[in-house]
Amino acid sequence: MLTKTLLSPWFAALLVQSLLATVLLVKRMWKKFPLFVSYAVANFLLSIALYAVYVLWVSRRAYFNAYWFSEAVGLFLGLAVVFEIFRHLLAPYPALRRLATQIFQGAVVCLLLLGGILSYAQSVGEHSHIQAAFFIVEQVGRILEVGLLLCLFLFATVFGLHWRQYVFGIALGLGIFVTVELVAVTMRLQFGVVASPILNIVRSVAFNASMVIWISYLLAPDLATSPAEMPKRAQLAQWNRAVMELIYQ
Amino acid sequence: MTIVLVIALALLTITLFYVGLRSRRKHVASRPIQPLDLSAFHTLIDRDDEVFLREKLTRSEFFRLKRLRIRVTWKYVHRISDNSAVVLRLAGMTRQDPDPQVVETALQLADLATTIRMQCFVAFAKLAVEFMLPSMQLTPAMLAPKYESLRANLMLLRTLHPQAPLAAAI
């Protein structure tokens, strides 16, 4: 019964992943988002391989190796996708790029430190030391992903940046998935193998939800923005002076 | 402890996704640049006026009036901040214009809009503190460092907009 429950979302994920890969290929998205396409396709192929290893039950060792290999690839490509989102979001704003790059460099250092501290403080309920070490590395990686996405959304909110349809969809889907992954890996480390069945279901559901978000944003037409008139530079200078007067009065 | 921090981080991230979703919808609706009465804004932030009111009114009346002024000032700053975001978006849209002069002007505007947007956040912080503590006046003790900062900002303004009288005056 439990195996069936575990397998159903997994199989559903494979179907949705194949649909996502098809949409990406039909829409020739590799031209615009090569890293995201690599991420989606690699995840799809690795999921098939992992599913095959699980169903054929080659050996426990083979499944362990295949699982952690797919997690490592997913984590690495996920970070690459965050970088791609960053590049696309800031492409129309060259004036902000330098500031954003500096903020993100600082954020990477802070997040690695935070990840290190949290992992050090984490009580480990996992019996296998090797498994625990892998989970800790994954936890640090997920903290980095979630933290960078958080910074990206915060930066966009603070400066009122416009999210384009595809970029926002990719960021939202990835964000939901990696946030659930971070919570799941932390719970898994804390409570050990007993938490595994329920967390696997939650992770599968989150991954499927992310893929549905990606597909729907890729298929939905881009919402048109109506053009507004650009103000004169003198008008901006006036606003600038007004705010400065308020600050420095 | 780690779980609490991770869950807090996750909740914060989800909240920001929601804010992003909402602001995207707002952008798509595409607000135009809102008009702004700068002379009314100057009257509102006049410190001499505030000193006069402090002398003439009772403490509680002064606090009530100051909070009211801060609320209205907040709306003005919010409008400036919103307008800067619209300018940033418009400048971003013109970056692929075939005319290099248009692209250059858009870049300069985006630079200035970024500066204004950041200053608006400083202004919001200042207004929030003064709203909570109406008797507080943040300026005098920090005047010297702020002047340095002001000069730096004006130098930037002069490079971007040589005709600005204030920029030329300093």
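You'll find the structure just up there.
What you are looking at is a predicted structure, and each value in this text was computed from that prediction instead of being measured.

**Student:** Would you mind showing me how to read the overall build of chain B here?
**Tutor:** Helix and strand content of chain B: seven helices and zero strands. Listing each helix as α and each strand as β along chain B from the N terminus yields α-α-α-α-α-α-α. The buried share among the 170 residues of chain B stands at 41%.

**Student:** Whenever I open this one, the nonpolar core confuses me. Can you help?
**Tutor:** Within soluble globular proteins, side chains that are nonpolar generally end up buried alongside one another. Counting residues in each nonpolar core, the largest one holds 71 residues, and the members touching the most others are I85, L161, W163, L174 and W214 of chain A. Setting aside its immediate chain neighbours within four residues, W214 of chain A contacts L20, F36, Y39, G169, I170, G173, L174 and F207 of chain A.

**Student:** Looking at this structure, how should I read the side chain of S70 of chain A?
**Tutor:** Structurally, S70 of chain A can be placed in helix α3 (residues 60-90). Dropping the residues within four chain positions of it, S70 of chain A is found in contact with L46 and L50 of chain A.

**Student:** Sorry, what's going on with the side chain of T179 of chain A here?
**Tutor:** Mapped onto the elements, T179 of chain A comes out in helix α6 (residues 165-191). Residues within four places of T179 of chain A in sequence aside, it is in contact with V146 of chain A together with A10, T13, I14 and F17 of chain B.

**Student:** What is the right way to read the pattern of salt bridges from this model?
**Tutor:** Between side chains of opposite charge, pairing is possible as soon as their charged atoms come close. Residue and element names in this part refer to chain A. One pass over the full model with this rule turns up seven salt bridges over all chains. E71 is the salt-bridge partner of R142, the closest N and O atoms lying 3.8 Å from each other. Of this pair, R142 sits in helix α5 (residues 129-159) while E71 sits in helix α3, and the two are 71 residues apart along the sequence. Looking at E71, the relative accessible area reads 14%, which means it is buried. The shortest N-O distance in the salt bridge between R142 and E181 comes to 3.3 Å. With R142 in helix α5 and E181 in helix α6, this pair connects stretches of sequence that are 39 residues apart. For the pair shown, R142 and E181 are each scored as buried. A single network of salt bridges, built from pairs that share partners, joins E71, E138, R142, E145, E181 and R203.

**Student:** How should the packing of helix α4 (residues 94-121) of chain A against α5 of chain A be read in this particular structure?
**Tutor:** Packed helices, taken two at a time, are described by the angle their axes make and the gap between the axes. All names here are of chain A. In the contact formed by α4 and α5, the axes pass within 9 Å of each other and the chain directions differ by 145°. Note on packing geometry: the crossing formed by α4 with α5 is right-handed. Taken together, the residues of the contact of α4 with α5 break down into 20 nonpolar, five polar and no charged.

**Student:** Help me out: how do you make sense of the environment of C120 of chain B in this one?
**Tutor:** Along the chain, C120 of chain B falls in helix α5 (residues 100-132). Expressed as a C-alpha distance, the spacing of C120 of chain B and S84 of chain B, which sit 36 residues apart in the sequence, is 9.5 Å.

**Student:** Could you clarify how one ought to interpret the environment of A52 of chain A in this entry?
**Tutor:** Residue and element names in this part refer to chain A. With respect to the helices and strands, the residue A52 is situated in helix α2 (residues 34-56). For A52, a relative accessible area of 30% gives the class partly exposed. Sequence separation between A52 and A156 is 104 residues; the distance between their C-alpha atoms is 41 Å.

**Student:** What's the story with a nonpolar patch on the surface in this structure? I'm lost.
**Tutor:** Together, V109, L113 and I117 of chain A give the surface a local cluster of nonpolar side chains, amounting to about 300 Å² of exposed area. Structurally, the position occupied by V109 of chain A is in helix α4.

**Student:** Would you explain α2 of chain A in this entry?
**Tutor:** An α-helical turn contains 3.6 residues, so a residue and the one three or four places further along point in the same direction. Helix length check: α2 of chain A (23 residues) gives 33 Å between terminal C-alpha atoms against 33 Å at 1.5 Å per residue, within 8%. Of the residues trailing α2 of chain A, W57 of chain A is marked for its positive phi of about 50°.

**Student:** So what exactly am I meant to see when it comes to the packing of α5 of chain A against α5 of chain B here?
**Tutor:** Where α5 of chain A meets α5 of chain B, the axes come as close as 9 Å, and the angle between the chain directions of the two elements is 95°. In terms of orientation, α5 of chain A and α5 of chain B fall into the roughly perpendicular class. Residue-level inspection shows T157, V158 and F159 of chain A of α5 of chain A in contact with α5 of chain B, the latter providing T114, R117, M118 and F121 of chain B. Along the lines of polarity and charge, the residues of the contact of α5 of chain A with α5 of chain B split into four nonpolar, two polar and one charged.

**Student:** How should the packing of aromatic side chains be read in this particular structure?
**Tutor:** Where two aromatic rings form a pair, the distance of their centres and the angle of their planes describe that pair. Throughout the structure, instances matching the rule amount to 20 aromatic pairs over all chains. Where F36 of chain A meets W214 of chain A, the ring centres are 5.1 Å apart and the plane angle is 75°; that geometry is what we call edge-to-face. On the criterion of sequence distance, the pair formed by F36 of chain A in helix α2 and W214 of chain A in helix α7 (residues 196-219) is long-range, its members being 178 residues apart. No difference in accessibility class separates F36 of chain A from W214 of chain A, as the two residues are buried. Ring centres of F62 of chain B and F63 of chain B lie 6.2 Å apart, and the angle between their planes is 55°; on these two criteria the pair is classed as tilted. Each of the two residues, F62 of chain B as well as F63 of chain B, counts as buried. Counting every residue linked through ring pairs, the aromatic cluster contains Y54, Y63, F64, Y67, W68, F134 and F135 of chain A. Lying across the ring of F131 of chain B, R67 of chain B places its NZ or CZ 5.5 Å from the centre.

What counts and what doesn't
- Residues numbered from 1 in each chain as written.
- Chains lettered and ligands numbered in written order.
- Predicted model: local features only at pLDDT ≥ 70, side-chain atom pairs only at ≥ 80, totals over all residues.
- Heavy atoms only, no water.
- Helix = DSSP H or I, 4+ residues; strand = E, 2+ residues; numbered from the N terminus.
- Buried < 20%, exposed > 50% of the residue type's maximum accessible area, 1.4 Å probe, protein only.
- Core = buried A, V, L, I, M, F, W, Y, C linked by side-chain atoms within 4.5 Å.
- Contact = heavy atoms within 4.5 Å.
- Salt bridge = Lys/Arg side-chain N within 4 Å of Asp/Glu carboxyl O.
- Axes fitted to C-alpha atoms, helices over the stretch in contact; angles between N-to-C directions.
- Left-handed = near helix turned anticlockwise from the far one by under 90°.
- Nonpolar A, V, L, I, M, F, W, Y, C, P; charged D, E, K, R; others polar.
- Patch = residues over 30% accessible without salt bridge, like charges linked within 9 Å, V, L, I, M, F, W, Y side chains within 5 Å.
- Areas by Shrake-Rupley, 256 points an atom, 1.4 Å probe, with all protein chains shown as cover.
- Expected span 1.5 Å × (residues − 1).
- Parallel < 35°, antiparallel > 145°, perpendicular 65-115°, else oblique.
- Phe/Tyr/Trp six-rings, centres within 6.5 Å; stacked < 30°, edge-to-face > 60°.
- Lys NZ or Arg CZ within 6 Å of the ring centre and 35° of its normal.

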